[in-house]
2 protein chains.
Amino acid sequence: MAKRAKKPKRIYYFGALKTEGNKEMRELLGGKGANLAEMTSIGLPVPPGFTITTRTCAEYNDSGCRFPKELAKEIGANVTQLQRETGKTFGSADNPLLVSVRSGAAVSMPGMMDTVLNLGLNDKACEGLAKLSGNHRFALDAYRRLINMFGDVVMGVDHHHFEGEFDRIKKKYRVQEDTDLDARGLAELVEAYKKVYHKYTQEAFPQDPMLQLEKAIRAVFDSWNAPRAIAYRQINEITGLLGTAVNVQTMVFGNMGDDSGTGVAFTRDPSTGKNDFYGEFLINAQGEDVVAGIRTPQHVSQMKGWKPKVYKQLIGIKNKLEKHYKDVQDLEFTIERDKLYILQTRNGKRTGAAAVKIACDMVKEKLLSEKEAILRVPANDLTQLLLPSFDPKAKRNVLTRGLPASPGAAVGCLAFTAEDATDRAHAGEQVILVRKETSPEDVEGMHAAVGILTSTGGMTSHAAVVARGWGKPCVCGAGEIHIDEKKQTIAVQGRKLTSRDTISIDGSTGEVMSGNIATRTPKLSGDFSTLMKWSDKYRRLGIRTNADTPEDAKRARGFGAEGIGLCRTEHMFFEGERILAMREMILANTETDRRAALKKLLPYQRRDFIGIFTAMKGYPVTVRLLDPPLHEFLPHDEKSQKELARRLAIKTAEVKNRVSQLHEMNPMLGHRGCRLAVTYPEILEMQVTAIVEAMITCKKKKIDARPEIMIPLVGTDTELATLRGRTLETIAAVRKAKKYTGKLHVPVGTMIEIPRAAITANQVARHADFFSFGTNDLTQMTFGYSRDDINTFLPDYLEQEILPKDPFQSLDPEGVGQLVELGVRLGRETTRQLKCGICGEHGGDPASISFCNGVGLDYVSCSPFRVPIARLAAAQAAVTNSA
Amino acid sequence: MAKRAKKPKRIYYFGALKTEGNKEMRELLGGKGANLAEMTSIGLPVPPGFTITTRTCAEYNDSGCRFPKELAKEIGANVTQLQRETGKTFGSADNPLLVSVRSGAAVSMPGMMDTVLNLGLNDKACEGLAKLSGNHRFALDAYRRLINMFGDVVMGVDHHHFEGEFDRIKKKYRVQEDTDLDARGLAELVEAYKKVYHKYTQEAFPQDPMLQLEKAIRAVFDSWNAPRAIAYRQINEITGLLGTAVNVQTMVFGNMGDDSGTGVAFTRDPSTGKNDFYGEFLINAQGEDVVAGIRTPQHVSQMKGWKPKVYKQLIGIKNKLEKHYKDVQDLEFTIERDKLYILQTRNGKRTGAAAVKIACDMVKEKLLSEKEAILRVPANDLTQLLLPSFDPKAKRNVLTRGLPASPGAAVGCLAFTAEDATDRAHAGEQVILVRKETSPEDVEGMHAAVGILTSTGGMTSHAAVVARGWGKPCVCGAGEIHIDEKKQTIAVQGRKLTSRDTISIDGSTGEVMSGNIATRTPKLSGDFSTLMKWSDKYRRLGIRTNADTPEDAKRARGFGAEGIGLCRTEHMFFEGERILAMREMILANTETDRRAALKKLLPYQRRDFIGIFTAMKGYPVTVRLLDPPLHEFLPHDEKSQKELARRLAIKTAEVKNRVSQLHEMNPMLGHRGCRLAVTYPEILEMQVTAIVEAMITCKKKKIDARPEIMIPLVGTDTELATLRGRTLETIAAVRKAKKYTGKLHVPVGTMIEIPRAAITANQVARHADFFSFGTNDLTQMTFGYSRDDINTFLPDYLEQEILPKDPFQSLDPEGVGQLVELGVRLGRETTRQLKCGICGEHGGDPASISFCNGVGLDYVSCSPFRVPIARLAAAQAAVTNSA
């Protein structure tokens with residue numbers, strides 16, 4: 001007989017008595033929960049507690065927010081255990097148990113989930129806490145914090161209602177700082193808070209700790225689907241999670257007096273990667289005070305002077321943690337009357353430069369293998385290393401200096417609210433979001449801005465953490481700046497700036513400058529080279545670049561590109577005399593006239609190709625034949641049309657006629673790509689002639705030119721067969737005309753960018769030496785989305801979670817990806833060794849690169865700047881795949 | 001050991017000695033060749049000969065027009081055999097062998113392939129023929145015909161050069177008719193023709209009959225790739241053939257004197273289908289004289305008076321043929337000095353009405369089973385029965401009367417050349433092509449014209465045969481009309497008409513009328529009903545219609561539609577006050593204002609649906625929610641924009657802003673379809689409300705309304721899940737508001753018209769009660785062709801044979817079809833019984849219907865008018881599939 005299905009375990013305990021979870025259980029216990037279990041089991045001084053699983057959150061949300069029946073019972077059992085281990089009791093007037101309730105999903109989402117501290121306090125327990133700590137003031141302070149936080153987070157009472165009462169009472173007692181308010185004042189504050197709570201919730205603050213606990217757990221569950229949490233997951237492309245876990249943990253207090261404190265630290269510097277213990281702490285404070293950036297904290301090294309023994313213990317724990325986790329740890333700690341507790345540890349977010357340095361250092365320290373090191377650097381974070389910094393020679397009109405919270409250089413106009421930043425950024429403006437401090441409600445605006453500037457808060461404040469995660473320049477705690485949100489101005493050093501003023505911020509130095517400072521391309525470090533070397537060692541995919549000019553080709557070679565995957569030829573027709581000849585060709589009425597105009601274009605094209613082939617010598621250059629519709633080359637305004645007619649000595653009406661004749665309802669799906677070569681074979685002939693003549697010129701100069709000719713927008717095999725035929729005939733004709741007898745190997749292939757080509761790839765492959773997946777157009781046609789028009793509906797699609805992400809940013813694996821996979825498979829059924837690459841913009845996106853690796857492409861091609869990212873992402877895909 | 005590969009047999013002999021082919025070998029021997037073999041083997045008096053295979057033609061063309069080495073040898077052997085059977089010898093001065101050389105592909109292409117008669121004649125053989133026939137004049141006439149035809153067809157000498165000489169000599173001898181020229185004149189003509197031949201070919205007319213034969217065979221092979229042949233194949237959508245066969249057959253002569261004659265006949269009337277022996281003959285003439293329409297022939301029944309015995313024999317053969325072929329036969333015969341020969345027989349082309357009558361009659365006569373009868377009627381030919389005829393009450397100003405060559409009514413302006421007809425038709429004009437007689441060079445112009453009128457030629461002339469094949473109205477032999485091609489005028493009954501004048505022609509009566517005569521919808525015959533009954537009995541596919549109004553719905557019910565497969569709702573918004581409310585909705589700035597405008601539209605929509613549901617009572621009505629981009633509803637000209645602003649009491653600038661805001665680069669791929677419902681859920685709500693309220697109103701009146709709600713342009717399953725949810729909520733809300741407690745079954749499904757939806761159909765099906773394949777859009781996106789813009793390149797694609805046909809006319813089975821098949825298969829993996837239909841215009845195309853049947857769709861939906869065609873095509877697909 002089959003065993004009876006075991007009931008799912010909803011709660012995992014961690015503590016000295018027993019520890020049920022471990023770090024592998026992130027999915028079920030969330031990052032925090034798994035870490036707490038892991039830390040406890042390796043002997044760190046973690047306050048005991050228990051974790052409610054993410055599956056329970058899903059269970060709750062899927063059932064329309066109903067609390068699972070047996071959950072209350074299981075919570076009761078765990079609380080009993082906790083009381084046994086700590087010797088404390090909920091609501092006790094002697095030794096009350098206080099707990100924190102925190103969310104924690106499998107993926108870290110700082111600030112997104114609501115947290116409640118000091119839970120368990122009530123009127124009676126408050127007395128107990130006072131008795132136990134011998135500090136009535138502290139107990140009342142903890143109680144008022146609970147009412148405030150519980151009211152705000154669990155019951156949705158606006159924080160400002162509590163703040164208002166605090167201000168009123170501080171004023172009444174004539175004190176400046178929160179900490180200056182004495183017990184009498186705090187007792188009054190507690191009563192005032194209870195009234196606020198009652199006023200806005202229509203119920204009394206619950207005195208039953210178990211009821212507090214249930215309400216708090218519900219609030220954590222609910223926060224999973226709060227709009228701001230959804231927005232964060234969207235922006236960070238987080239999908240596939242069950243929900244958040246809930247961590248219920250015994251409270252320890254950093255605000256028990258001047259022998260107490262709290263802090264956060266990184267085992268290494270998250271900004272530079274230097275192997276320095278790095279962090280901040282506040283004496284006589286709770287953790288939220290550090291994170292919220294309300295008080296400016298001390299550097300962790302200053303603990304040595306304050307509490308040398310505790311500091312030494314902390315250093316020991318730091319070393320133990322890195323050895324255990326083999327990664328930089330971001331830890332939270334509290335000192336309660338000289339006793340150190342570790343509240344939390346997790347892999348530390350770091351800048352791209354830091355990630356590279358740490359990965360390399362850890363290999364040197366034999367903490368990591370090369371393959372592991374490769375996986376430690378998020379490929380997209382390399383953008384930060386590759387981002388321009390300010391030109392050191394440029395004059396800097398420094399207004400003030402804040403904390404260098406997230407490196408990089410940003411230039412933009414001031415925006416004072418997240419909405420304003422979002423709106424103006426969407427309208428195309430570059431804005432810097434300026435806030436006193438940021439909160440999760442600001443994430444969309446922060447994402448839209450090119451940089452973030454705050455006047456309060458430290459390196460671990462919300463703004464700093466979020467900005468570093470995105471690689472967005474951020475300066476924090478620039479306290480000299482006075483922000484007037486209403487008037488939309490900032491005042492600094494006697495100057496007043498408005499939303500029309502441009503500033504420059506340097507996230508690496510913390511400088512805030514007026515005006516637009518010139519930026520420059522960064523120099524890459526030795527560690528970067530090492531990482532790239534390892535990447536090249538382990539990756540399977542080739543990395544090419546999309547480049548249309550010798551300059552771009554050279555730059556891409558510098559970044560390590562192994563050829564050009566997409567050389568667009570249309571850009572070559574836009575300069576000076578070329579555009580005139582191009583227009584003459586388009587306006588010609590006969591093939592003869594077209595050929596005459598094309599003859600003028602030939603030398604330009606040939607010269608371009610010689611330059612590109614030379615820059616890419618020894619590497620393949622895939623040249624795409626003319627792709628855009630011809631109307632793009634004609635002037636559309638009256639004045640330019642007249643001028644063109646004058647220069648070509650024809651009637652303006654002729655120009656206008658041709659423009660209107662070339663007008664299309666849907667140019668994306670119109671007369672473009674290889675359809676041009678079908679109707680105007682002479683264009684193809686000119687281009688192929690230029691390519692082959694350039695190749696011959698190079699060969700004669702002993703330059704190893706390796707052009708590949710790519711026919712765009714092919715939908716049927718006959719189309720490709722016909723145009724391949726014309727191409728080969730032209731190659732033969734040029735060879736004959738030039739009397740060239742050497743080897744001339746010019747592969748002729750096609751872009752697979754039309755769904756039909758992918759579906760019939762076995763037929764198309766009969767006439768192709770290679771395939772290059774043009775996933776931009778393939779995405780357009782597979783989804784039926786015009787990239788030019790998608791902004792009319794994409795925001796709604798993302799907001800309503802109908803699309804997980806913009807399919808033009810990251811390849812849609814289920815739809816477009818299926819066609820790519822099918823195209824490769826069918827193509828190779830015909831030609832086993834068919835070379836397949838991708839040249840859409842997805843070629844520079846790590847997730848898409850991983851997909852490309854998985855379906856067996858030979859190479860990806862991306863913009864020069866993204867080549868290093870692609871090299872690393874390709875290595876990560878290879879390492880992950882072989883693991 | 002493997003057997004040695006047998007050499008391909010290139011020539012098949014037919015005659016009394018042996019007959020190597022049969023009627024099953026059409027592909028290899030062509031239609032004519034297979035028939036000649038078949039006829040010979042069933043004992044018909046066929047002149048002996050041999051057929052060179054189509055594969056040999058392909059061999060010749062594929063090798064760059066090289067005559068296969070062994071072919072000459074094989075021809076020699078067959079000629080020897082022919083000489084043995086006939087006792088005649090090539091070039092003999094006593095008993096010369098003369099042969100005809102004709103093309104013949106697997107599919108009949110009248111007039112497309114070049115023919116040479118009397119081949120084998122030379123100076124010596126001419127004497128021999130004169131001796132043998134005792135008729136010097138006849139021999140010389142045959143000889144001059146050979147030189148003329150050989151020069152024209154084989155060597156490309158313009159026919160007019162020979163004509164000119166003929167006219168000169170006729171004038172010299174003062175005769176009117178060709179037949180009036182005596183032997184002396186003809187001898188002079190032969191010498192003159194030889195000179196013409198020499199002048200234009202730079203060589204003497206070949207005296208060696210074997211050389212004549214080889215050259216003629218080459219010419220037939222070459223004609224396969226002549227532009228006019230390619231054009232014919234394109235227009236008639238003929239693909240996949242190897243080439244043409246060549247039939248070499250002993251000549252018999254219908255012009256051996258007054259006891260000789262030649263004719264063509266149909267075993268039944270090809271125009272009406274009546275079981276009357278139907279045909280024409282000419283005394284003392286060759287076959288080409290009948291077909292070319294130069295002399296107006298006699299009706300075949302008049303043979304009874306002229307040659308009763310031969311007539312009786314012919315009637316016997318006619319009956320034998322129909323019994324053997326189980327189909328109407330189109331035969332060519334010749335009487336040589338009282339001896340009857342059958343030269344050719346093939347299935348007779350017929351009008352749609354004739355096809356229906358013949359099929360029904362043959363079932364009654366037990367010649368055919370019902371299933372066979374179904375296959376005998378080309379489904380598209382039913383258009384002819386469904387075409388409008390002239391209103392009998394309309395006044396007819398009859399100019400003249402010709403032969404009723406192809407039924408139907410056509411109204412248009414006069415066009416005098418094929419090119420003019422083509423150009424003007426493409427420009428949108430309705431033209432009637434007027435020619436003295438038509439030739440294969442005219443086919444494109446004939447196709448472009450709405451009707452054809454000729455002044456000479458009979459019912460089997462080129463114009464008549466081709467027009468009937470297309471179901472295009474045609475009047476032939478209207479001899480009173482005098483055409484001045486140069487001046488572009490016709491003169492008839494003292495009136496002069498130009499290319500600006502409109503005429504009406506009645507292809508069923510032969511009347512030619514001035515002006516534009518009103519037309520009316522035809523009444524369908526009992527045979528038509530019988531055929532439809534049989535179709536309904538055997539078909540598996542359901543047939544629905546695309547209809548947006550109660551009128552269309554009623555009409556379609558009359559044609560037998562079993563529901564509406566596509567009810568577009570956008571057309572409902574264009575009339576009167578509706579468009580104003582629609583525009584108000586589009587111009588609204590808030591959801592509240594939009595809802596206010598939508599509230600005005602609701603009663604209109606509801607009323608429309610009540611009408612449609614009532615007309616379709618008991619049958620499903622699939623309503624598609626709003627699909628086109630909103631800009632289509634706004635005025636784009638300044639004046640209308642001002643007027644709109646005035647009526648809505650807003651600023652004109654607001655209207656303009658909204659218009660420019662809604663402008664899209666590629667509206668096809670923009671904000672339309674279900675994307676509108678995602679951003680404006682209130683539109684969906686209004687439409688669903690109207691549908692459900694209409695349904696409830698009908699139900700209360702005991703009208704069995706069966707709406708199905710179709711969500712267009714779905715690309716992802718989440719999209720459909722979201723909108724299905726909103727739809728079901730709205731249905732529930734309406735039910736509640738209306739306090740309706742009865743059954744309300746409203747299936748909610750989607751169009752599959754985006755490639756991604758087809759690829760992920762297993763996921764999409766989770767939220768769909770049905771799929772309807774929108775193959776118009778699916779074709780656009782699968783090919784990347786904008787239907788609005790395709791004319792910029794499609795003509796080149798067809799001309800260069802890159803596409804076999806317009807994929808919007810007939811479903812592309814390899815690309816789009818694969819997606820349809822995949823969509824059905826994946827959808828049914830999720831829901832085994834998922835109802836699948838098609839509502840693109842392909843739903844009315846027989847080839848596409850056959851495809852739909854094959855992939856297991858449940859129904860097709862097409863325009864009301866094409867419903868009978870779809871019923872028949874569906875039956876044909878079912879019968880063919882089960883065979």
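Nothing here was measured: the structure is a model prediction, and the numbers come from that model. (Residues numbered from 1 in each chain as written. Chains lettered and ligands numbered in written order. Predicted model: local features only at pLDDT ≥ 70, side-chain atom pairs only at ≥ 80, totals over all residues. Heavy atoms only, no water.)

Asks: Mind showing me how you'd approach the overall build of chain A here?
Replies: Summing up its helical and strand segments, chain A has 34 helices and 31 strands in all. Across its three principal axes, chain A shows a C-alpha extent of roughly 100 × 80 × 50 Å. The contacts of chain A with a sequence gap of at least 6 include a subset with a gap of at least 24, amounting to 69%. On chain A, the mean spot of the 122 positive side-chain charges and the mean spot of the 107 negative ones are 6 Å from each other. (Helix = DSSP H or I, 4+ residues; strand = E, 2+ residues; numbered from the N terminus. Contact = heavy atoms within 4.5 Å. Lys, Arg positive; Asp, Glu negative; His and termini not counted. Charge placed at Lys NZ, Arg CZ, Asp CG, Glu CD.)

Asks: What is the right way to look at the pattern of salt bridges in this model?
Replies: Any two side chains of opposite charge can pair, so long as their charged atoms come close to each other. Residues and elements named next belong to chain A. Summed over all chains, the structure comprises 123 salt bridges over all chains. Between R672 and D777 there is a salt bridge, with the nearest N and O atoms lying 2.7 Å from each other. Of this pair, R672 sits in the loop between α24 (652-662) and α25 (674-679) while D777 sits in helix α30 (residues 775-783); the two residues are 105 residues apart in sequence, bridging distant segments of the chain. A single salt-bridge network, built from bridges that share partners, covers E570, R624, D627, R672 and D777. (Salt bridge = Lys/Arg side-chain N within 4 Å of Asp/Glu carboxyl O.)

Asks: Where do I start with unusual backbone geometry in this structure?
Replies: A negative phi angle characterises most non-glycine residues, just as the trans form characterises most peptide bonds. Residues other than glycine seldom take positive phi values, yet D338 of chain A does so here, at roughly 70 degrees. Mapped onto the elements of the fold, D338 of chain A is located in the loop between β9 (329-336) and β10 (339-347). Accessibility expressed as a relative area gives 40% for D338 of chain A, which makes it partly exposed. Non-glycine residue N118 of chain B carries a positive phi angle of around 65 degrees. On the secondary structure map, N118 of chain B appears in strand β4 (residues 116-119). Residue class for N118 of chain B comes out buried when judged on its relative accessible area of 0%. (Buried < 20%, exposed > 50% of the residue type's maximum accessible area, 1.4 Å probe, protein only.)

Asks: What am I meant to see in the packing of aromatic side chains here?
Replies: Pairs of aromatic rings are described using the distance from one ring centre to the other and the angle between the two planes. Within this structure, the stated rule accounts for 32 aromatic pairs over all chains. Centre to centre, the rings of F162 of chain A and Y193 of chain A are 4.9 Å apart; their planes meet at 70 degrees, and the pair counts as edge-to-face. One end of the pair, F162 of chain A, is in helix α6 (residues 159-172); the other, Y193 of chain A, is in helix α7 (residues 183-201), with 31 residues separating them in the sequence. Like F162 of chain A, the residue Y193 of chain A is buried in the burial classification. Ring geometry for Y60 of chain B against F67 of chain B: centres 6.5 Å apart, planes inclined by 85 degrees, an arrangement best described as edge-to-face. Residue Y60 of chain B shares its accessibility class with F67 of chain B, and that shared class is buried. Members of the aromatic cluster, joined through ring pairs, are Y143, F150, Y197 and F205 of chain A. The lysine or arginine in question, R544 of chain A, covers the ring of Y859 of chain A, its NZ or CZ lying 3.9 Å from the ring centre. (Phe/Tyr/Trp six-rings, centres within 6.5 Å; stacked < 30°, edge-to-face > 60°. Lys NZ or Arg CZ within 6 Å of the ring centre and 35° of its normal.)

Asks: How should I be thinking about the sheet that holds strand β10 (residues 339-347) of chain B in this particular structure?
Replies: Each strand in a sheet pairs with its neighbour through backbone hydrogen bonds, running either in the same direction (parallel) or in the opposite one (antiparallel). Residues and elements named next belong to chain B. A sheet is described by the order of its strands in space; here five strands give the open sequence β8-β7-β6-β9-β10, paired in antiparallel fashion. In this open sheet, the two strands that pair with only one neighbour each are β8 (298-299) and β10. Of the pairings in the sheet, the one linking strand β7 (residues 278-283) to β8 comprises two bridges and is antiparallel in character. Bridge assignment links F281 to a residue of β8, and that residue is Q298. (Pairing = 2+ DSSP bridges.)

Asks: What is the right way to read the nonpolar core from this model?
Replies: If you look at soluble globular proteins, the nonpolar side chains tend to sit buried side by side. In terms of nonpolar packing, the biggest core is built from 274 residues, with L382, F613 and F771 of chain A together with L382, M582, F613 and F771 of chain B touching the most fellow members. Other than its neighbours up to four places away in sequence, F613 of chain A contacts V621, V623, I691, A694, M695, C698, I703, A705 and P707 of chain A. (Core = buried A, V, L, I, M, F, W, Y, C linked by side-chain atoms within 4.5 Å.)

Asks: In this structure, what is going on with the sheet that holds strand β17 (residues 474-476) of chain B? I would like to understand it.
Replies: Residues and elements named next belong to chain B. Read from one edge of the open sheet, eight strands run β12-β22-β21-β14-β15-β16-β17-β13, paired in mixed fashion. Strands with a single pairing partner mark the edges of an open sheet, and in this sheet they are β12 (398-401) and β13 (403-406). Taken over all neighbouring pairs, the strand axes of this sheet differ in orientation by 30 degrees on average, direction set aside. With three bridges joining them, β12 and strand β22 (residues 511-514) adopt antiparallel strand pairing. Each bridged residue has a counterpart across the sheet, and for V398 the counterpart in β22 is M513. Across the sheet, helix α16 (residues 418-426) lies against β14 (409-415) and β15 (431-435), angled at about 110 degrees from β14, the strand it touches most. (Axes fitted to C-alpha atoms, helices over the stretch in contact; angles between N-to-C directions.)

Asks: I would appreciate a short explanation of the relation of the copies chain A and chain B in the present structure.
Replies: Two copies of a chain can be linked by a rotation about an axis combined with a shift along that same axis. Once turned by 179 degrees and shifted 0.5 Å along the axis, chain A lies on chain B with an RMSD of 0.3 Å. Overall, the copies show the geometry of a two-fold rotation axis. No C-alpha of chain A lies nearer the rotation axis than that of N666 of chain A, which sits 2.1 Å from it. (Least-squares fit on C-alpha atoms with pLDDT ≥ 70 in both.)

Asks: Which parts of the structure should I look at to understand the confidence of the model for chain A?
Replies: Low-pLDDT portions of the prediction should not be read for the details of their coordinates. Mean pLDDT over chain A works out to 90, with 96% of the residues at or above the 70 mark. The ipTM, which scores confidence in the relative placement of chains, is 0.73 for this predicted complex, and the corresponding pTM is 0.75. (pLDDT = per-residue confidence, 0-100.)

Asks: What is the right way to read the interface of chain A and chain B from this model?
Replies: One widely used convention gives an interface's size as the accessible area the parts lose upon coming together. Counting from both sides, the interface comprises 44 residues of chain A and, opposite them, 44 residues of chain B. Approximately 4,100 Å² of surface area, both sides summed, lies buried where chain A meets chain B, with 56% of it carried by carbon and sulfur atoms. Where chain A meets chain B, there are four salt bridges. Note that R756 of chain A is salt-bridged to D812 of chain B, the shortest N-O span being 2.7 Å. Taken together, chain A and chain B are joined by 24 residue pairs in polar contact (both at pLDDT 80 or more). For the side of chain A that touches chain B, the secondary structure elements donating two or more residues are α25, α27 (717-737), α28 (755-759), α30, α31 (794-799) and α32 (816-830) of chain A. Partitioning the side of chain A that touches chain B into residue classes produces 17 nonpolar, 16 polar and eleven charged. (Buried area = accessible area lost by both parts, 1.4 Å probe. Polar contact = N/O pair within 3.5 Å; in protein donor to acceptor, adjacent residues only side chain to side chain. Nonpolar A, V, L, I, M, F, W, Y, C, P; charged D, E, K, R; others polar.)

Asks: What's the story with the pairing of strand β9 (residues 329-336) of chain B in this structure? I'm lost.
Replies: Each regular strand carries side chains that alternate between the two faces of the sheet. All names here are of chain B. Of all eight residues in β9, eight are buried, a share of seventy percent or more. What you see with β9 is no split at all: Q329, L331, F333 and I335 on one side and D330, E332, T334 and E336 on the other are buried throughout. Two elements, strand β6 (residues 261-266) and β9, share six bridges in a ladder whose sense is antiparallel. Paired with G261 across the strands is I335, a residue of β9. Both β9 and β10 contribute to a ladder of eight bridges, which runs antiparallel. What sits directly across from E332, in β10, is Q344. Joining the antiparallel neighbours β9 and β10 is a turn of two residues, in which R337 adopts a positive phi near 45 degrees.

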